[in-house]
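Examining the three-dimensional arrangement
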Amino acid sequence: MPVNQFSVGRDITLDIVAPDGPKRFGLITGWSSKQETTDIRVKGLDGNVRHMYLPDGWSGSLEFERQDAELEKFFASLEDAYYQGENLGTMTLTETISEPNGTVSQYRYEGCQMKLDDAGDWKGDASIKQRVSWMAARRKRIS
């Protein structure tokens, strides 16, 4: 629900789909995404530098409040598969945004790989915050 025509964090939902189906890893409390690029400088014989960039995928992070063992079990299964010589498939992330004007925007990040950056710090009387980073081959607008 936008506030005063501004997007806020609760305007977004995320769907994570691994090769074996949709995943739920606890309460998502943070999401970031950014376009990766390869920057190129071309210097002509005239001495002028021209700049360009090439799209080079996307990256970002997810933050969770731990509610169960699903995140750790998922990454343990990926590690086991790796050491057993299995192919580690890619995932998709679908971002759905409720825009301030009432429309909905959707983007799908394809060819994703995720890694568990932080399984959490366990302290008395505190929730467990977990962090996952991801990289994707590309992002496509789907609506």
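Read on for a plain summary of the structure. Here the residue numbering is sequential within each chain, running from 1 through the sequence in written order. Per-residue local features are limited, in this predicted model, to residues with pLDDT of at least 70; the limit for side-chain atom pairs, both in listing and counting, is 80 or more; totals at the level of whole chains, interfaces and linings are taken over all residues. The side-chain values count all of the structure's non-hydrogen atoms but skip hydrogen atoms and water molecules.

1. Remarks on the overall build of the chain
Within the chain, the secondary structure is distributed over one helix and eight strands. Moving toward the C terminus, one meets the helices and strands of the chain in the order β-β-β-β-α-β-β-β-β. Relative to the compact-globule value of 15 Å for 143 residues, the chain shows a C-alpha radius of gyration of 19 Å, a clear excess of over 25%. Seen through its principal axes, the chain has C-alpha atoms that stretch 65 × 50 × 30 Å. Burial classes follow relative accessibility: with a 1.4 Å probe on protein chains only, a residue under 20% of its type's maximum area counts as buried, one over 50% as exposed, and anything between as partly exposed. Evaluated residue by residue, the chain yields a buried proportion of 27% over its 143 residues. Whether two residues touch is decided by their heavy atoms; if any such pair falls within 4.5 Å, the residues are in contact. Considering only contacts in the chain between residues 6 or more positions apart, those separated by 24 or more positions represent 57%. About 9,700 Å² of surface is accessible on the chain, with carbon and sulfur atoms providing 49% of the total. Distance between charge centres in the chain, computed from 18 positive and 22 negative side chains, equals 7 Å. The helix and strand labels rest on DSSP assignments: H or I over at least four residues marks a helix, E over at least two residues marks a strand, and numbering proceeds from the N terminus. A radius of gyration in this sense is built from C-alpha atoms; the matching globule rule multiplies 2.2 Å by the number of residues raised to 0.38. Throughout, the Shrake-Rupley method with a 1.4 Å probe supplies accessible areas, and for residues the shown protein chains are the sole cover considered. Neither His nor the chain termini are counted; the positive set is Lys and Arg, and the negative set is Asp and Glu. Taken as the charge location is NZ of Lys, CZ of Arg, CG of Asp or CD of Glu.

2. Quick notes on the packing of aromatic side chains
A pair of aromatic rings is counted whenever rings of Phe, Tyr or Trp (Trp by its six-membered ring) have centres within 6.5 Å, and the orientation is called stacked for planes under 30 degrees apart, edge-to-face for over 60 and tilted otherwise. Tallied over the full model, the rule gives eight aromatic pairs. Pairing W31 with Y109 gives two aromatic rings, centres 5.7 Å apart and planes at 70°, and the pair type is edge-to-face. In this pair, W31 sits in strand 3 (residues 27–43) while Y109 sits in strand 6 (residues 104–118), placing the two residues 78 residues apart along the sequence. On the basis of relative accessible area, W31 is assigned to the partly exposed category, the value being 22%. According to the relative accessible area criterion, Y109 is buried, its value standing at 0%. Arranged with centres 5.3 Å apart and planes meeting at 10°, the rings of W31 and W134 form a pair that is stacked.

3. Looking at the nonpolar core
Among the buried residues, those of types Ala, Val, Leu, Ile, Met, Phe, Trp, Tyr and Cys that are joined through side-chain atoms within 4.5 Å form a nonpolar core. Counting residues in each nonpolar core, the largest one holds 20 residues, and the members touching the most others are Y109, M114 and W134. Looking at which element gives the most residues to this core, the answer is strand 6, with four residues. Once you skip the residues sitting within four places of it in the chain, Y109 turns out to touch W31, S33, W58, M91, T92, L93, E95, W134, A136, R138 and R139.

4. Describing the pairing of strand 1 (residues 12–18)
Here a strand pair is declared whenever DSSP counts at least two bridges between the two strands. Pairing geometry for strand 1 and strand 5 (residues 91–98), over six bridges, is antiparallel. Paired with I16 across the two strands is L93, which belongs to strand 5. By the bridge criterion, three bridges tie strand 1 to strand 2 (residues 21–23) in an arrangement that is antiparallel. When the bridges of strand 2 are listed, A18 appears paired with G21. Hairpin connection between strand 1 and strand 2: a loop of two residues separates the two successive antiparallel strands.

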